[in-house]
Amino acid sequence: MKLQDIHPNPKNPRFLRKEKSEWLEDSLNEFGDMSGYVFNKGGMIISAHQRWEKIKPKVKEVVVRETFKKPLPDGTIERGHFELNDGTKHDYSVRDWTPEKADRATIRANAQNAGEWDADVLANQWEYEPEVLQDMGVPEWVFGGDGVGLTDEEMSDFFSNDTTNGEQMPTG
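The sections below set out a description of the structure shown in this document. (Residues numbered from 1 in each chain as written. Predicted model: local features only at pLDDT ≥ 70, side-chain atom pairs only at ≥ 80, totals over all residues. Heavy atoms only, no water.)

Our focus in this paragraph is the packing of aromatic side chains. What the rule picks out here adds up to 7 aromatic pairs. An angle of 85 degrees between the planes, with centres 6.0 Å apart, marks the rings of Phe 39 and Phe 82 as edge-to-face. Remark: Phe 82 occurs in strand β4 (residues 76-84) and Phe 39 occurs in strand β1 (residues 37-40); sequence separation between them is 43 residues. Across the pair, exposure class does not vary: Phe 39 and Phe 82 are buried alike. Among the aromatic residues, those joined into a ring-pair cluster are Tyr 37, Phe 39, Trp 52, Phe 82 and Tyr 92. The ring of Trp 23 carries the charged tip of Lys 20 above its face, separated from the ring centre by 5.9 Å. Here Arg 51 stacks its cationic end above the ring of Tyr 37, 5.0 Å away from the centre of that ring. (Phe/Tyr/Trp six-rings, centres within 6.5 Å; stacked < 30°, edge-to-face > 60°. Helix = DSSP H or I, 4+ residues; strand = E, 2+ residues; numbered from the N terminus. Buried < 20%, exposed > 50% of the residue type's maximum accessible area, 1.4 Å probe, protein only. Lys NZ or Arg CZ within 6 Å of the ring centre and 35° of its normal.)

Turning our attention to helix α3 (residues 99-111). In this model α3 runs 18 Å from its N-terminal to its C-terminal C-alpha over 13 residues, within 8% of the 18 Å that 1.5 Å per residue would give. Ala 102, Ala 105, Thr 106 and Asn 110 are the residues of α3 that are buried. Projected down its long axis, α3 shows its buried positions confined to an angular sector of 130 degrees, all on one face. With respect to the buried face of α3, the exposed residues turned more than 90 degrees away are Glu 100, Arg 104, Ile 107, Arg 108 and Ala 111. (Expected span 1.5 Å × (residues − 1). Arc of directions from axis to C-beta.)

Turning to the sheet that holds strand β3 (residues 59-67), a few remarks are in order. With respect to topology, 5 strands assemble into an open sheet ordered β2-β1-β5-β4-β3, the strand pairing being mixed. Strand pairing shows two members of the sheet lacking a second neighbour, β2 (45-47) and β3, which therefore form its edges. Pairwise comparison of adjacent strand axes, ignoring direction, gives a mean angle of 30 degrees for this sheet. Pairing analysis gives 7 bridges linking β3 to β4, with the strands arranged antiparallel. Bridge pairing in β4 places Glu 66 opposite Arg 79. (Pairing = 2+ DSSP bridges. Axes fitted to C-alpha atoms, helices over the stretch in contact; angles between N-to-C directions.)

Another aspect to go through is the side chain of Asn 9. Here Asn 9 is to be found in the segment before α1 (18-31). Here Thr 106 takes part through its side chain, which lies 3.4 Å from a polar atom of the side chain of Asn 9. Ignoring any residue separated from it by four or fewer positions in sequence, one finds Asn 9 in contact with Met 44, Ile 45, His 49 and Thr 106. (Polar contact = N/O pair within 3.5 Å; in protein donor to acceptor, adjacent residues only side chain to side chain. Contact = heavy atoms within 4.5 Å.)

Before going further, it helps to spend a moment on the pairing of β4. The two faces of a sheet get side chains in turn, since along a regular strand they alternate between them. Within β4, 8 of the 9 residues are buried, which leaves the element mostly enclosed by the surrounding structure. Where β4 lies against strand β5 (residues 89-95), 7 bridges are found, and the strand directions are antiparallel. Looking at the pairing, Glu 78 lines up with Val 94 of β5. Connecting β4 to the next strand, β5, in antiparallel fashion are 4 residues, including Gly 87 with a positive phi near 95 degrees.

Tracing the backbone shows His 90 in strand β5. Judged by its relative accessible area of 2%, His 90 falls in the buried class. His 90 sits 35 residues away from Ile 55 along the chain, and the two C-alpha atoms are 9.1 Å apart. For His 90, the contacting residues outside a window of four places in its chain are Leu 28, Gly 32, Asp 33, Tyr 37, Ile 55, Gly 80, His 81, Phe 82 and Leu 84.

Core analysis: the biggest nonpolar cluster contains 17 residues, and Tyr 37, Phe 39, Trp 52, Ile 55, Phe 82 and Tyr 92 have the highest contact counts within it. Elements with a contribution of two residues or more to this core: α1, β1, α2 (49-55), β3, β4 and β5. Top element by residues in this core is β4. It accounts for 3 residues. The residues contacting Phe 39, other than those within four sequence positions of it, are Met 1, Ile 6, Met 44, Ile 45, Ile 46, Phe 82, Tyr 92, Ser 93, Val 94 and Arg 95. (Core = buried A, V, L, I, M, F, W, Y, C linked by side-chain atoms within 4.5 Å.)

Next up, the structure:
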């Protein structure tokens, strides 16, 4: 794949507001890419539109590590990485998918944050205040923000590990 071949999916259903865009850029700068970029044959982005926009100006070269004459079971026909100006590398793969499968994968990639936050684990196994966890990216609503979940008093009791009749405070 060549850098000039990469282009966004015109049907990408997601976007980032300024605050989240800045948060993503900070995350990429601190941790690098933690999940890879996926393109369809021809260079259309399937997964990683927002990350791609952040690193695109920093890409020094595209390094193709391996190609496959016959697609792998998941449709992969190429693997490689983007080498950035600072020497970091971000992995990518190219898939040979039909337009319909690419559409399904685009939606699935954007909906893959299907896991639920466990407020009990955050309260009892992480040694951070809720505000610090929110700065790390845990949504405010997990701690009862925006009128959902625990009240401020319940949240304070919960994080101080107070119990009522030997039972943990509710998680909302």
